[in-house]
Amino acid sequence: MAIPLKYNVRSLLVRRVSTAMTAGGIALVVAVFVIVMALVAGLNSAIADTGSPDNLIVLRKGATTETVSGFQLDQFDALKFLPQIRREADGEVDVSPELPVQALMDRIGGGRDNIVVRGVLPIALKVHDKVHIIAGRMFAPSMNEVVVGKGLLGHYKDLSLGSMLHFGRGKWKVVGILSSGGGSYESEVWADIHNVQDDAQRGKYYAAVRLKLAPGADGAALIRRLADDPRINLQGQTEPDYYRDQAVVANQMRALGMIVAVIMAVGAIFGAMNTMYAAVSARTTEIGTLRALGFAPGAVMSSFLLESLVLSLAAGAIGIMLAMPINGLSTTFGNFVSFSTLAFNFRVTFTIVIEALLFAAVMGVVGGWLPARQAMKMPVVDALRSL
Amino acid sequence: MDEKYAIDLEHVVRIYKRDEFEVRALDDVTIQIPAGRFVAIMGPSGSGKTTMLNLIAGIDHATTGRVAVGGEEITGMKERDLASWRARHIGLVFQFYNLIPVLTAFENVELPLLLTRLSKAERRSHVETALRVVNLADRMDHYPRQLSGGQEQRVAIARAIVADPTIIVADEPTGDLDAKSAEEILGLLVDLNRQFHKTIVMVTHDPRAERYVDTVYRLDKGLLVGTEPGRRGAPAEAAATSA
Ligand SMILES: Nc1ncnc2c1ncn2[C@@H]1O[C@H](COP(=O)(O)OP(=O)(O)OP(=O)(O)O)[C@@H](O)[C@H]1O
Ligand SMILES: [Mg+2]
């Protein structure tokens, strides 16, 4: 049987100050880790929730995002009646020409962000089937009216139902709030595409087309047709594919977060190592006594490793609790690909909690390894003589 | 090696190397101690008493010579085996008690039993018995800092006997105690020797100790310089031989 765990727990409690400081360091690292991962998870889910698998996004060939895409109306007219596209009962085709532009808006509390103002036609609500007007109504054509994503509420000035927004060259009345089940449209303002074209003064053009595939239609065939038909000559992608590429930002954030966490962890590991070395040296006589009583060298090593592990796991739990209040907190985030702002919620998932505890455990084991080995290697006679 | 001796040291030398200096802590010591004896090792500071005790207890290795304890030669044992051998055969008592400060009296006494196959309930009853022997059953849940020195040493003795070892080895067990507590501890050791027939080897500076023991071995500068009967009135044949 091993040296009892209560020996380690109580020893940690006796060295209250150094235990607390070491735990604080580890907790901080774990908290940062959880926050970054929650941000990445939130960002990923905002991006992933935005697309529908049966929607295509059609861009100029070579364009990687809507913001750098653009094409003429005759290209749009040529694709509009392709048979793979779903039709409504009244014969209307589920094709949504769109023109997202950027508008600077004032943050509440100072600063300005680029917000996507998406020029659309009313059919957009049918194509983007996750988007719903949850308050007010859809904008009326040609009235300089807008609906705003609910993710923007509370973050920007004059951005509320019934208020007047100033951006571009005009004044825009907020007549509705839209929701898209967590997706990135919740960080956008939607307006009549003709009003947006007029305001932009760059002629009649579209940046992108979203379309919904008819049930059972061959999406791949449609994508080939869009590319090969000389009158169309555009590039199509399913929305999940498109947003997967966009998620590159989230992946970069994740990598950055990992690097920061690892660097901080190295510091915390040295902290843990220092504490455990101090513990081993302060308890040399106890180690000698335990060994003299017949506990094997390995039992001593395990005991100190376990002590370090207990410390780091407790610290990890504290770190998770410190980070927990950000769960569900909504925030905005500049998207480096589209140069627009995305609103999303931090999401502390179960996986993140487990990863955070594992991370803490690794710090404890790595930090405790050398001190525990030292405790194990100590000759019994010398340990007993250290009184 | 002779089975009838509890402790059998033959030409034992222990040399410590410190930098370029060599210290002959024990120099060709041969001692046979029959089972069931209570013996004292005496001598000036630095004469090698602790060294000898550590060799008997299997927590140190002889540089040359042979050490057999309880009929078992321990000279060449590996550290792992030696650890479990100690757990089974040796009860240790130290000058400064060496109780684990974060464990209660009960938990301290229980430690050696964690190395046995005893169940939790069996461990509990053994610990309670050991604490009753040292007359501290009512202090079971006290931490070492809540006990007097004499009481701490009694807890340490309970810990030394709880696993029913063959031999009890005590290094200046009264060295840090007042006269009254010292007498109590010595009396307790005598009882363990008489009632439970434990072989006890005790290092001591305390001249009073001579009254309690069968034999006194005198060490000086690592050499065994004398073997005398104690004043306990041991029978003549009990005096151990020195080579
Ligand atoms: N680990 C060690 N390294 C170096 N020298 C040692 C070591 N252990 C003991 N010695 C030396 O061996 C000699 C005998 O030491 P030992 O502790 O056995 O003496 P002792 O008789 O117990 O003394 P005391 O009465 O002071 O406890 C001393 O000179 C001591 O310095
Ligand atoms: Mg000594």
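Residues numbered from 1 in each chain as written. Chains lettered and ligands numbered in written order. Predicted model: local features only at pLDDT ≥ 70, side-chain atom pairs only at ≥ 80, totals over all residues. Heavy atoms only, no water.

## Overview of the overall build of chain A
Piece 1. A count of helices and strands for chain A gives twelve helices and twelve strands.
Piece 2. Rg of the C-alpha trace for chain A: 29 Å, well past the compact-globule value of 21 Å for 387 residues, more than 25% over.
Piece 3. Seen through its principal axes, chain A has C-alpha atoms that stretch 95 × 45 × 30 Å.
Piece 4. Looking at chain A as a whole, 54% of its 387 residues qualify as buried. (Helix = DSSP H or I, 4+ residues; strand = E, 2+ residues; numbered from the N terminus. Rg over C-alpha atoms; globule rule 2.2 N^0.38 Å. Buried < 20%, exposed > 50% of the residue type's maximum accessible area, 1.4 Å probe, protein only.)

## Thoughts on the domain arrangement of chain A
Piece 1. Here the domain parsing of chain A yields domain 1 (5–48 + 248–384) and domain 2 (62–232).
Piece 2. Just the C-alpha atoms count here: the centres of domain 1 of chain A and domain 2 of chain A sit 46 Å apart. (Domains from an automatic or database assignment.)

## Things to note about the packing of aromatic side chains
Residue and element names in this part refer to chain A.
Piece 1. Overall, the coordinates contain four aromatic pairs over all chains when judged by the stated rule.
Piece 2. Here Phe 76 and Tyr 206 contribute two aromatic rings whose centre-to-centre distance is 5.1 Å and whose plane-to-plane angle is 85°, an arrangement assigned as edge-to-face. Of this pair, Phe 76 sits in helix 3 (residues 73–79) while Tyr 206 sits in the loop between helix 5 (193–200) and strand 9 (208–212), and the two are 130 residues apart along the sequence. Residues Phe 76 and Tyr 206 agree in their burial class; the two are buried. (Phe/Tyr/Trp six-rings, centres within 6.5 Å; stacked < 30°, edge-to-face > 60°.)

## What about the side chain of Ser 11 of chain A?
Piece 1. Mapped onto the fold, Ser 11 of chain A is located in helix 1 (residues 5–14).
Piece 2. Judged by relative accessible area, Ser 11 of chain A falls into the buried class, the value being 5%.
Piece 3. The contact partners of Ser 11 of chain A, leaving out residues within four places of it in the chain, are Arg 283 and Glu 307 of chain A together with Val 102 of chain B. (Contact = heavy atoms within 4.5 Å.)

## Overview of the interface of chain A and chain B
Piece 1. Opposite the 24 residues of chain A that make contact, chain B presents 28 residues.
Piece 2. Across the contact surface, chain A and chain B share three salt bridges.
Piece 3. Arg 291 of chain A serves as the salt-bridge partner of Glu 79 of chain B, at 3.0 Å between the closest nitrogen and oxygen.
Piece 4. Linking chain A with chain B are eight residue pairs in polar contact (both at pLDDT 80 or more), by the criterion used here.
Piece 5. If you list the elements that add at least two residues to the side of chain A that touches chain B, you get helix 1, helix 9 (284–293) and helix 12 (380–385) of chain A.
Piece 6. Tallying contributions element by element places helix 9 of chain A first for the side of chain A that touches chain B, with seven residues. (Salt bridge = Lys/Arg side-chain N within 4 Å of Asp/Glu carboxyl O. Polar contact = N/O pair within 3.5 Å; in protein donor to acceptor, adjacent residues only side chain to side chain.)

## Details of helix 7 (residues 239–246) of chain A
Residue and element names in this part refer to chain A.
Piece 1. Taken as a whole, helix 7 has its buried residues at Glu 239, Tyr 242, Tyr 243 and Gln 246. Looking down the long axis of helix 7, one finds its buried residues gathered within 90° of arc, a one-sided arrangement.
Piece 2. In this structure, the buried side of helix 7 is in contact with helix 2 (16–48), strand 1 (55–60), strand 9, strand 10 (234–238) and helix 8 (248–282). (Arc of directions from axis to C-beta.)

## Remarks on the site of ligand 1
Piece 1. As a matter of local geometry, ligand 1 sits amid 16 residues, with Ser 45, Gly 46, Lys 49, Thr 50 and Thr 51 of chain B nearest to it.
Piece 2. With respect to ligand 1, its neighbouring residues span chains A and B.
Piece 3. The side chain of Arg 18 of chain B places a nitrogen or oxygen atom 3.3 Å from a nitrogen atom of ligand 1.
Piece 4. Taking Ser 47 of chain B, its main chain carries an N or O atom lying 3.2 Å from an oxygen atom of ligand 1.
Piece 5. Considered on its own, ligand 1 offers 640 Å² of accessible surface; in the complex 78% of this is hidden by protein. (Near = heavy atom within 4 Å. Areas by Shrake-Rupley, 256 points an atom, 1.4 Å probe, with all protein chains shown as cover.)

## Quick notes on the environment of Arg 225 of chain A
Residue and element names in this part refer to chain A.
Piece 1. With respect to the element layout, Arg 225 can be found in helix 6 (residues 219–228).
Piece 2. C-alpha separation for the pair Arg 225 and Asn 44, spaced 181 residues apart in sequence, amounts to 31 Å.
Piece 3. Those residues in contact with Arg 225 that sit more than four places away from it in its chain are Leu 82 and Arg 231.

## What about empty space enclosed by the protein?
Piece 1. With the rule as written, the count across this model stands at four cavities of 30 Å³ or more.
Piece 2. Roughly 70 Å³ of volume is contained in the second largest cavity.
Piece 3. Lining the second largest cavity, in full, are Leu 293 of chain A together with Ala 87, Ile 90, Gly 91, Leu 92, Pro 112, Arg 159, Ala 160, Ala 163 and Pro 165 of chain B.
Piece 4. Looking at the lining of the second largest cavity, the elements with two or more residues in it are strand 6 (90–93) and helix 5 (149–161) of chain B.
Piece 5. For the lining of the second largest cavity, the element with the most residues is strand 6 of chain B, which contributes three residues.
Piece 6. Taken together, the residues that form the lining of the second largest cavity break down as eight nonpolar, one polar and one charged. (1 Å grid on protein atoms, 1.4 Å probe; cavity = no way out; pocket = protein on both sides within 12 Å on 5 of 7 lines; lining within 4 Å. Points joined across faces, edges and corners; volume = space filled by probe spheres on them. Nonpolar A, V, L, I, M, F, W, Y, C, P; charged D, E, K, R; others polar.)

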